[in-house]
Amino acid sequence: MALTRSVAFRKLLALPPDVRRRLWSSAVSVTPGKPDIYDVVCIGGGPAGLSFASALKAHSATRALKVALIDAQDITTSRTGNDGDAYSNRCSSLTPASSRFLRKIGAWDHINTGRVQPYHAMDVWDGVSGSKIHFDPRRYEAGSDYGVVATMCENGNLTAALLQRLQALTTGDAGAGSVCDILDKTKVESIELGPQPETEETVDLSQWPIVMTSQGQLAARLLVGADGANSPVRQFVDIPSHGWDYGQHGVVATLELEQTFAADEVRTAFQRFLPTGPIALLPLPGNKASLVWSTSPQHAAKLKQLPPNDFVAMVSAAFRLMPVDVNFMLSPDMAVTPSEELRWREPATSPSSTGLPSTFPWITGVQEGSIASFPLRMRHADTYTGHRVALIGDAAHTIHPLAGQGLNLGLADAEALANQITYGMEHGMDIGSSWCLDGYNSERWAANNAMLGVVDKLQKLYSASAGPVVWSRSLGLEAVERMSWVKGALMGVAAGAK
Amino acid sequence: MSLAEVLRLPVALRRATLTKAFIPQPILASRAYTPTFQHLQRRHGTTDAAPHTTSSSVNHTEVSHFNALASSWWDPQGSSRLLHLMNPLRHRFIRRCLAYDDRDEAQKLRYLDIGCGGGIFAESAARLSTTRSVTAIDPTPEVIAVAKRHQRTDPSLLEAGRLTYLNTAIEDLPNHDDGRYDIITLFEVIEHIQRPSPFLQSCISHLKPGGWLIGSTIARTPVSWFTTKLVAEDLLRIVPRGTHNWNQYIQPQEMRDWARMQPELSTSDGIDWQVMGVVYVPGVGWRQVKGSEAWGNYFFGVRKRWDAE
Ligand SMILES: Cc1cc2nc3c(=O)[nH]c(=O)nc-3n(C[C@H](O)[C@H](O)[C@H](O)COP(=O)(O)OP(=O)(O)OC[C@H]3O[C@@H](n4cnc5c(N)ncnc54)[C@H](O)[C@@H]3O)c2cc1C
């Protein structure tokens, strides 16, 4: 498995100069064939991995840790999130708790704020019973992030900001003595335990994970799996992950609205529960909005084949028409186009029968190439930690997107693990030991399990289309609507307040 | 008879005296003690307690007891779990003591950890960025072997001079001026020592002027008998039987009175003399509890005078 020196040397030369310099300086100090020793090796440079590494580098107690961040993709040159008028279809609602964390580690300053959109109200309604709930936190004093429910941000904008922050923290004068080697375009080939010690006197890495990559071998005091839903790290430590597939797909797209909003206007997020799954319209700057529509794989496939104007009509129909009509429009028997169907059905459907909020905007277009879909799953790892291993983000849990919590949970994991490592460093712990990691596992596992449970139950509750379930859930929404303090509490949860 | 004099007595006599003079004797409690005493008497027969011929504080029964425990020092679920869980509090207490010094932050600290066992505290102290070096000693050869083996699993601890283990008693450790220490630690040690006074004096001789002698132990009260002997050792078995010799426990007040008698130490309350009581709450962990030093586990810290030899 060990690379020959000449191959390693050629690979080294192919790296960007600053990475090369750092790698080279450490590479020469290591005996050939031996792994390079790191305090933290983080696999995965998505939102969870990058925010975790930035948090470590932003804190005085942990900045001196020698960190490597590995990603198979090109994360250093392909900067998204600054692409003119076009918006990525991968957007997330950052809760106030996530925004606070990003401010704390200094990453928020690198966010392109012209491309993020806070929203201040939420309209949620039930497609079957028409009952609704309006979340307007300005009436409920949502604490420090006054009035903001959440902030829409492209994943690319967030990861680019995190990467810039990480580089600012580890280069130049500010970065003196703080190492974070970013090895992107580097696939993890395998993870193995270290060799048996040569003699009774030499270092014993036999319980250390060694990450084998095309760039060389990295020994990790703590190996962090931020490597997404199919986490190779989780598989290496053999942590089982349980859950199920919802038999649904999430369809995402960037939409255009009839109305253009000014930057400081009050914005509303809309979500309607249909029997096939929830559909949500989340505001982006100007006249843009982000669509997340959970539906059957058949409908998802059909939607992706529609021409743009029919796709737009279908999305409008899903918000505005009766669920039976929506289903019919997506069935194979449909003879006319969705645009034609919507044109006559929409005026014939009264908003009071569907629960449609009066402020719901007209959707006029879809950004070219922005329609995509992915299967929805719910997965939860049995534990987040093992000897010298911790999982964060989607590697630890995959959640249904209806609550827009996937990315927020990952950021909360990153924050909690970085805090735990700070505590470990201040008390002289081996940060890979269970003494240090146990606290992270007990804090985050229970919190995430509760969130996964709530979202999963909501999903099940709102998937039924008739009978007592619909009747009781409409009672539920109406009752909640009347009890303002319950709403206030719910808002707090939705906004991730602590 | 003063407390300091009592502490200087040979162990058997001290036991008898302490038992009479200091053990609180509510009816319930005195009945509870009886079995321990029989136990102690039996143990006593095998201990080497010669009062003045030996220069070492080492209690050979204790040494063989810790030999038997050696393999479990680093097992997260093993019998040393409570010590691991207590370790962060040790650092917190040391920081609290140092907070009263106006020493140069850049000046890194030299530690001597006496009775280091498998190295739980010694390793952690050696990892701190404020540490220059840690010397850790223990008279039990097997635990030193365990400590050294575990040290090798962390490359950062193998840096020259960072962490040195020595299989020795404090009385046999070479003592020269430029090799003295800023901090000497005695965690869960004194209760295993038969003649604490000369032992503590030899510890002090290794301190730099202005350095701190810091330790933790258990007060000798019905509560501590109940929690350490009966609950921890006999009922819950979270620590192995025979770990504690309740009669060798020392009250914080006795510690302080002893310290006041030592001309090299300064003991003004809250500045050069610190004490902190801690309680283990199952399911929660160790917690600082004000006033608990009077009846349970406690930390003490006392400073060597700046003008001392
Ligand atoms: C299409 C899509 C749309 C989504 N939409 C939403 C949404 O609207 N709202 C929301 O909240 N959430 C959404 N999610 C979920 C959200 O994107 C995730 O929760 C979030 O990205 C998780 O971040 P992460 O850092 O844990 O993992 P990821 O973002 O998945 O990052 C994992 C990283 O690990 C790297 N990696 C994996 N294996 C290896 C290997 N062997 N070697 C090296 N590198 C490796 C990958 O290249 C990747 O960069 C969506 C997910 C998908 C797939």
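Reading guide: rules and limits
- Residue positions are given per chain, counted from 1 along the sequence in the order it is written.
- The lettering of chains begins at A and the numbering of ligands begins at 1, in the order of writing.
- Owing to the predicted nature of the model, reporting of local features is limited to residues with pLDDT of at least 70; listing and counting of side-chain atom pairs is limited to 80 or more, with chain, interface and lining totals taken over all residues.
- Side-chain measures were taken over the full set of non-hydrogen atoms in the model, leaving aside hydrogen atoms and water.
- UniProt positions are given in the numbering used here, feature names are shortened, and annotations may be inferred rather than shown by experiment.
- Definition of nearness: a residue and a molecule or strand are near each other if at least one heavy atom of the residue lies within 4 Å of the molecule or strand.
- Under the rule applied, a polar contact is a pair of N or O atoms within 3.5 Å (in protein, one hydrogen donor and one hydrogen acceptor; residues adjacent in sequence only if both atoms are side-chain atoms).
- With residues, only the protein chains shown are counted as cover, and all accessible areas are computed by Shrake-Rupley using a 1.4 Å probe.
- Numbering of helices and strands runs from the N terminus; a helix is a DSSP stretch of H or I covering at least four residues, while a strand is a stretch of E covering at least two.
- Each residue gets one of three labels, nonpolar for Ala, Val, Leu, Ile, Met, Phe, Trp, Tyr, Cys and Pro, charged for Asp, Glu, Lys and Arg, and polar for the others, Gly among them.
- Two residues form a contact once any of their heavy atoms are found within 4.5 Å.
- Here the buried area means the combined drop in accessible surface, using a 1.4 Å probe, for two parts upon being joined, counting both sides.
- Residue-level confidence of the predictor, termed pLDDT, takes values from 0 up to 100.
- Here, a salt bridge means any side-chain nitrogen of Lys or Arg that lies within 4 Å of a carboxyl oxygen of Asp or Glu.
- Here's how the labels work: a residue is buried when its accessible area is under 20% of the maximum for its type, exposed when over 50%, partly exposed in between, all with a 1.4 Å probe on protein chains only.
- As used here, the term nonpolar core means buried Ala, Val, Leu, Ile, Met, Phe, Trp, Tyr and Cys residues forming a set that is joined through side-chain atoms within 4.5 Å.
- A strand pair is defined by DSSP finding two or more bridges across the two strands.
- Axes here refer to lines fitted to C-alpha atoms; in helices the fit is confined to the stretch in contact. Angles between the N-to-C directions go from 0 to 180 degrees.
- With the strands pointing away from the viewer, any crossover whose connection runs clockwise from the first strand over the helix to the second is right-handed.
- Start and end positions for the domains come from either an automated domain assignment or a database one.

In the nomenclature of an unreviewed UniProt entry, chain B is known as Ubiquinone biosynthesis O-methyltransferase, mitochondrial of Baudoinia panamericana. Regarding chain B, the UniProt comment filed under Pathway (unreviewed entry) reads as follows: "Cofactor biosynthesis; ubiquinone biosynthesis."

Chain A has the name Ubiquinone biosynthesis monooxygenase COQ6, mitochondrial in an unreviewed UniProt entry, where Baudoinia panamericana is given as its organism. As recorded by UniProt, the Sequence similarities (unreviewed entry) comment attached to chain A reads in full: "Belongs to the UbiH/COQ6 family." Turning to chain A, the UniProt record has this under Subcellular location (unreviewed entry): "Mitochondrion inner membrane".

Residues and elements named next belong to chain A. Contacts to the ligand come from 25 residues, most closely from A48, D71, Q73, R90 and D394. A distance of 3.3 Å separates an oxygen atom of the ligand from a polar atom in the backbone of P47. Between the ligand and V188, the relevant distance is 3.3 Å, taken from a nitrogen atom to a main-chain nitrogen or oxygen of the residue. Here the ligand has 990 Å² of accessible area as a free molecule, and 81% of this is covered by the chains. Counting residues per element, the ones that place at least two in the shell around the ligand are α3 (47-58), β3 (91-94) and α12 (406-426). In terms of residue class, the shell around the ligand is built from 10 nonpolar, 10 polar and 5 charged.

With 21 residues of chain A at the interface, the matching set in chain B holds 19 residues. Of all residues in chain A, H427, G428 and W435 of chain A bury the most surface against chain B, accounting for 40% of the area lost on that side. For the pair chain A and chain B, the interface holds 11 residue pairs in polar contact (both at pLDDT 80 or more). Looking at the side of chain A that touches chain B, the elements with two or more residues in it are α12 and α13 (434-461) of chain A.

Another aspect to go through is the confidence of the model for chain A. All names here are of chain A. For chain A, the average pLDDT comes to 83, and 80% of its residues sit at 70 or higher. For chain A, helix α2 (residues 17-29) is the element with the lowest average pLDDT, namely 39, and α3 is the one with the highest, namely 98. Confidence drops under pLDDT 50 across residues 466-475; counting only partners more than four residues distant or on other chains, this segment forms 14 contacts.

Under the definition given, this model contains 21 salt bridges over all chains. The partner of R221 of chain A in a salt bridge is D430 of chain A, with the nearest N and O atoms 3.3 Å apart. You can see R221 of chain A sitting in strand β11 (residues 216-225) and its partner D430 of chain A sitting in the loop between α12 and α13, a full 209 residues away along the chain. Taking relative accessible area as the criterion, R221 of chain A reaches 6% and is therefore assigned buried. Linking R345 of chain A and D325 of chain A is a salt bridge whose minimum nitrogen-to-oxygen distance equals 3.2 Å. You can see R345 of chain A sitting in helix α10 (residues 338-348) and its partner D325 of chain A sitting in helix α9 (residues 323-329), a full 20 residues away along the chain. Summarising the burial analysis for this pair, R345 of chain A and D325 of chain A share the class buried. What you see here is one network of salt bridges that share partners, running through D39, R221, R388 and D430 of chain A together with E123, R127 and D154 of chain B.

Residue and element names in this part refer to chain A. In this structure, V41, F52, L223, I392 and L417 are the most contacted members of the largest nonpolar core, which totals 64 residues. The greatest single-element share of this core, amounting to 7 residues, is contributed by α12. Ignoring sequence-local partners within four residues, the contact set of I392 consists of A48, G49, F52, V224, G225, A226, D413, A414, L417 and Y440. Grouped together as the second largest cluster of nonpolar side chains are 34 residues, L274, A300, L306 and M329 included.

Before going further, it helps to examine the UniProt feature "binding site: Mg(2+)" (unreviewed entry) in chain B. Residue and element names in this part refer to chain B. Mapped onto the present numbering, the UniProt feature "binding site: Mg(2+)" (unreviewed entry) falls on E188, E191 and H192. As for its position among the elements, E188 is in the loop between β4 (181-187) and α8 (196-204). Contact partners of E188, with chain neighbours within four places excluded, come to L83, M86, R90, S216, T217, I218 and N297. There is a polar contact of 2.5 Å between the side chain of E188 and the side chain of S216.

In this section: the sheet that holds β3 of chain A. All names here are of chain A. Read across the open sheet, the 3 strands follow the order β3-β7-β4; overall the sheet is antiparallel. If you trace the sheet from one side to the other, it starts and ends with β3 and β4 (117-119), each paired once. Within this sheet the neighbouring strands show an average axis-to-axis angle of 25 degrees, counted without direction. As defined by bridge partners, β4 adjoins strand β7 (residues 150-154) across 3 bridges and the pair is classed as antiparallel. Bridged to P118 within β7 is T151. Each of β3 and β7 is contacted by helix α4 (residues 96-104), which is oriented at about 90 degrees to β3, the strand it contacts most.

Another aspect to go through is the pairing of β4 of chain B. All names here are of chain B. Across the 7 residues that make up β4, a large majority, 7, are buried. Across 3 bridges, the pairing between strand β1 (residues 109-114) and β4 is parallel. Across the sheet, residue L112 finds its bridge partner in β4, namely I184. Note: β4 against strand β5 (residues 207-218), 6 bridges, orientation parallel. Among the inter-strand pairings, L186 is bridged to a residue of β5, identified as G215. Following the chain from β4 across α8 to the adjacent parallel β5, one finds a crossover that is right-handed.

Every regular strand shows the same layout, with side chains that alternate between the two sheet faces. Residues and elements named next belong to chain A. For strand β13 (residues 268-274), the buried fraction is high: 7 of the 7 residues fall into the buried class. Going residue by residue along β13, you find T268, F270, R272 and L274 tucked away on one face and A269, Q271 and F273 tucked away on the opposite face as well. Inspection of the sheet shows strand β5 (residues 121-126) paired to β13 by 6 bridges, in the parallel sense. From the neighbouring strand, M122 faces β13, where its bridge partner is A269. Relative to strand β14 (residues 277-283), β13 runs antiparallel, the two sharing 5 bridges. Looking at β14, one finds that L274 is bridged to G277. Counting the residues in the hairpin turn of β13 and β14 gives 2 residues.

Now for the domain arrangement of chain A. All names here are of chain A. The domains assigned to chain A are domain 1 (36-113 + 153-243 + 377-458) and domain 2 (116-151 + 246-304 + 355-375 + 464-495). If you look at the interface, domain 1 gives 28 residues, while domain 2 gives 29 residues. Roughly 2200 Å² is buried in total at the junction of domain 1 and domain 2, and carbon and sulfur atoms are behind 54% of that figure. There are 1 salt bridge connecting domain 1 and domain 2. Of the charged contacts, one joins K288 and D85 as a salt bridge, the two residues approaching to 3.2 Å between their closest N and O atoms. Run the count over domain 1 and domain 2 and you get 8 residue pairs in polar contact (both at pLDDT 80 or more).

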